[in-house]
Each structure stands twice: as C-alpha cells, then as structure tokens.
Amino acid sequence: MEQETELAPPVRSILETARDRPGGDRVAVAERRSLPAALAEAAAEGRVPVIAEVKPTSPTTDGERREDPVELAEAMVEGGAAALSVLTEPTHFGGSPDALERVRAAVSVPVLRKDFLLEESHLDVVEADLVLLIARFLEDVEGMVEAARDRGFEPLVEVHSEDELETAIGAGAELVGVNNRDLAGLDVDLETFETVAPHAPEDVTLIAESGISSRADVARMRAAGADGLLIGSAIMAGDVEDRTRELTTPTASETGTGGTA
Ligand SMILES: O=C(O)c1ccccc1NCC(=O)[C@H](O)[C@H](O)COP(=O)(O)O
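Quick look at the structure, then.

The rules behind each value
- For every chain, the first residue of the written sequence is number 1, and numbering continues from 1 onward in sequence order.
- The model is predicted, so local features are restricted to residues of pLDDT at least 70 and side-chain atom pairs to those at 80 or more, both for listing and for counting; the totals for chains, interfaces and linings are taken over all residues.
- Where side-chain values are given, they derive from all heavy atoms of the structure, hydrogens and water being excluded.
- In this description a helix means any DSSP run of H or I spanning at least four residues, a strand means any run of E spanning at least two, and both kinds are numbered starting from the N terminus.
- A radius of gyration in this sense is built from C-alpha atoms; the matching globule rule multiplies 2.2 Å by the number of residues raised to 0.38.
- For each residue, the accessible area found with a 1.4 Å probe, counting protein chains only, is set against the maximum for its type, and the residue is called buried under 20%, exposed over 50%, and partly exposed in between.
- The accessible surface values rely on the Shrake-Rupley method and a 1.4 Å probe; as for residues, cover is taken only from the protein chains in view.
- Positive charge is attributed to Lys and Arg, negative charge to Asp and Glu, and no charge count is given to His or to the chain ends.
- Here the site of a charge means atom NZ of a Lys, CZ of an Arg, CG of an Asp or CD of a Glu.
- As used in this structure description, the phrase polar contact means that two N or O atoms lie within 3.5 Å; if the pair is within protein, one of them must be able to donate a hydrogen and the other to accept it, and residues adjacent in sequence are counted only when both atoms belong to side chains.
- By definition in these notes, contact holds between two residues if any of their heavy atoms fall within 4.5 Å.
- Any residue with at least one heavy atom within 4 Å of a molecule or strand is counted as near it.
- Ten residues, namely Ala, Val, Leu, Ile, Met, Phe, Trp, Tyr, Cys and Pro, are considered nonpolar, four, namely Asp, Glu, Lys and Arg, are considered charged, and the remaining ones, Gly among them, are considered polar.

### Focus: the overall build of the protein
Secondary structure assignment for the protein yields 11 helices and 8 strands. In terms of overall size, the protein behaves like a compact globule, its C-alpha atoms giving a radius of gyration of 17 Å where 261 residues would be expected to give roughly 18 Å. By principal-axis analysis of the C-alpha atoms, the protein measures approximately 50 × 40 × 35 Å. In the protein, which comprises 261 residues, the proportion classed as buried is 53%. Only carbon and sulfur atoms are counted for the fraction: they give 45% of the accessible area of the protein, which is about 11200 Å². Here the protein contributes 23 positively and 53 negatively charged side chains, and the mean placements of these two sets differ by 4 Å.

Structure, rendered in structure tokens:
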C-alpha cells in the first residue's frame, strides 16, 4: 500500500474510519448471482451493461439523497440496470450494510458491495454477490481475493494504473474495475480506462468506473473495451429511473441503426 500522505484528505479520513469499523462476527456465505452473465444478458437484450450505484452522498457530491435505497434500486432495475452497486460505507457515503441486505432481497440482479474493505473480517459484515477490493489499499490482494471467493463473493478488484492491473491479475482477479477517479487527488479522467484497458488479458471482465455521465461517455468507454460501466453520481443526480434508462440505451453508433444518439 502506498504512503497515505499521497492521498486526498477525504480518502485518508475514509481509510481511518474503515480501520476502526468492526468486522462481522461469523463467516459470511453467499449464493452468488453472476455479474458476467448479467452483463452479457443485458448486452444480448440491446441494453448497455450498466452497474447502477445506490450512492446517497460522497465527498465529491453536494447534498444527500434520503429516499429508501430499495426504492432507488428498484427504479434502477426498471430503468434497465444489469446489476447494482450499494455503498455500505456510512460516514462519508451515507451507506449501510442494512441497505445492501434489503436491496439484495428486493431485486434479482447481482449486487456489488461498495466499501473500503481492508481486512478479512470486513468481508463478514454482510452478504453480497460481489465485493469491491481496492488494490491500492490492500497489502495482500491475493489473500483478500481468496477470502472473498471462500465466502462465495466474486471479487471486483479496482485498479487505477497498469502496475495495479498487474497486481490484480497476479492475484487471480477475473473481474477488474478501472477507476477513472484518482483517489490521490479525486480528479476524474476517462482516459485512465483507455490507457489501462488495453493491457488487460482478453478473458478478464473489465468494468469502467467513475465519471461516466452521458451517453457519449458510455459509448467512449464501450469503444475502449468496457464490458460493463459502474455509474453512480450521474444516475443519483436526477430521476433515477429516467437517468438509468438514458444511460442504458445504446447510441446509434453502438447499435449501427443510424438513429439519433
Ligand atoms: O465518489 C466520490 O466522491 C469518492 C470519493 C473518494 C473515494 C471514492 C469515491 N468514489 C467511489 C467510487 O468509486 C464511485 O462511487 C463509483 O465508481 C461511481 O462513480 P461516479 O459515477 O463518478 O459516481
């Protein structure tokens, strides 16, 4: 793990509180819904494969959405989301394990647990289909990948550079998220995905994360090789169902129909 002084102050604060949060008191076990299958099904049905994120707030968002996470999640699925991501970090993102548990019980698509998981016991707080593991923050990525799989969770290993991609692949990751948001400074640049993605092996499922806010951004990330797109803020910023539908509807260049983009 890198020096924490290199990280943006909100990220240092997120890590400090994550270290203090207790783990689960028994080993969690999940019967997992497959993300690659859900992404493939959406694409086969003519939808852009989007993982829509229930993200009540964040260090880079003004205000907080206080609706029931289940209502938001159901609207996202109605709008065409192939899968969901639910924040369980309480202090900086307004999430909770209870929100994830309730959302997962209410929908049939795969649900990603979005949090800052630093040690094995953190995996045991709540069951999910997938868990996010951020390569940058883990001493032992391989150990956490194995620990997640032992519990039935599919690990989505998040990277921000080619070096981190190498670490993720070396650790056995089959699902890799390339975060366009640099957690050192919190700036977002879609070129990150375009730079890192070509170095991923063919058989890895690649997710473009963060900063995707328009159909042009969606088309750009798909053209760069994204098998799926993780979208939070742009969906949470408006009517959740409408925003999800807009972003899961392919542009004319993607469908080859010549219709309006
Ligand atoms: O979103 C933030 O403000 C943030 C700040 C500090 C660390 C992580 C942060 N976001 C985590 C994420 O990875 C995003 O929630 C996710 O990729 C969706 O991004 P977006 O579509 O840009 O909301």
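### Details of the side chain of glutamate 89
Looking at where glutamate 89 falls in the secondary structure, it is placed in the loop between strand S2 (83-87) and helix H4 (97-106). Within the local environment of glutamate 89, its side chain forms a polar contact with the backbone nitrogen of histidine 92, the two atoms lying 2.6 Å apart. In this structure glutamate 89 touches Ile14, Thr17, Arg21, Gly94, Gly95, Lys114, Asp115 and Phe116, once residues within four positions along its chain are discounted.

### Some details on the site of the ligand
Surveying the vicinity of the ligand reveals 21 residues, the closest of which are Glu53, Lys55, Thr60, Ser210 and Ser233. Serine 58 has a polar side-chain atom sitting 2.8 Å from an oxygen atom of the ligand. For the ligand, whose accessible area on its own is 500 Å², the fraction buried by protein is 98%. Of all the secondary-structure elements, those providing two or more residues to the shell around the ligand are helix H1 (9-20) and strand S8 (228-231). Residue composition of the shell around the ligand, by class: 9 nonpolar, 7 polar and 5 charged.

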